[in-house]
Amino acid sequence: MKFSLIAAVVLLALAQGSFAQDVSDLEKLGQYLEELKNKMTLELTEIIRNQDLTNQAQTFLEDKKTQLEPLASQLQDQLRTAAASVEEQIKPLAVNMQAQIQPMVDNFQKQMEALIQRMTENAQPIDN
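Let me sum up the structure you'll find in this document. From a predicted model like this one, the values you see are computed outputs, not experimental measurements. The numbers attached to residues start from 1 for each chain and follow its sequence in the written order. Restriction of local features to residues with pLDDT of at least 70 applies here, the model being predicted, together with a cutoff of 80 or more for giving and counting side-chain atom pairs; totals for whole chains, interfaces and linings are based on all residues. The side-chain quantities take in all heavy atoms of the structure and omit both hydrogens and water.

**Considering the overall build of the protein**
Numbering of helices and strands runs from the N terminus; a helix is a DSSP stretch of H or I covering at least four residues, while a strand is a stretch of E covering at least two. Helix and strand counts for the protein come out as 2 helices and 0 strands. Only protein chains enter the area calculation, which uses a 1.4 Å probe; residues under 20% of their type maximum are buried, those over 50% are exposed, and those in between are partly exposed. Each of the 128 residues in the protein was classed as buried or not, and the buried ones make up 4%.

Encoded structure:
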């Protein structure tokens, strides 16, 4: 806006010095300045409108955040409760499954140890 004012002052100074005697040129300059004023008014109005829109959007987002925070807190509490419930149900199943699988793992380990023992007994040293 300062630039526009400086430009207007410079134009007026040029107009006074160069076109002071020619009335038609002064009228053209007056029309130009009027158009410049109208354009600046439109641009300033647009800037203010955009700023207002930005403020409205920011206010809207802040309001929605404020509204959603309690809901998010409730959802988080419900998820904690559900997770605790699932854990209570799964924990006994896991213990039971481990109790059923452990004898099989122990048996497999004994078989593998026996197999390795037989392989080492049957292995003959290689002399070079």
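**Here we look at the pattern of salt bridges**
Put simply, a salt bridge is a Lys or Arg side-chain nitrogen that is within 4 Å of an Asp or Glu carboxyl oxygen. Scanning the entire structure with this criterion turns up 2 salt bridges. When the shortest N-O distance is used, the salt bridge between lysine 37 and glutamate 34 registers 3.2 Å. Pair noted here: lysine 37 and glutamate 34 are both in helix H2 (residues 23-122), with a separation of 3 residues, about one helical turn. Judged by its relative accessible area of 39%, glutamate 34 is partly exposed. As a salt-bridge pair, arginine 80 and aspartate 77 come within 3.2 Å of each other at their nearest N and O atoms. Linking arginine 80 with aspartate 77, this pair stays in helix H2, spanning 3 residues, or about one helical turn. In this structure arginine 80 comes out as exposed when scored by relative accessible area, which is 52%. In this structure aspartate 77 comes out as partly exposed when scored by relative accessible area, which is 41%.

**Some points on a nonpolar patch on the surface**
Together, Met97, Ile101, Met104 and Val105 give the surface a local cluster of nonpolar side chains, amounting to about 370 Å² of exposed area. Looking at the secondary structure, you find isoleucine 101 in helix H2. We classify isoleucine 101 as partly exposed; its relative accessible area is 36%. Patch construction takes residues with relative accessible area above 30% that form no salt bridge. Like charges are linked within 9 Å, and nonpolar side chains (Val, Leu, Ile, Met, Phe, Trp, Tyr) are linked within 5 Å. The method behind every accessible area is Shrake-Rupley, applied with a 1.4 Å probe, and residues are considered shielded solely by the protein chains displayed.

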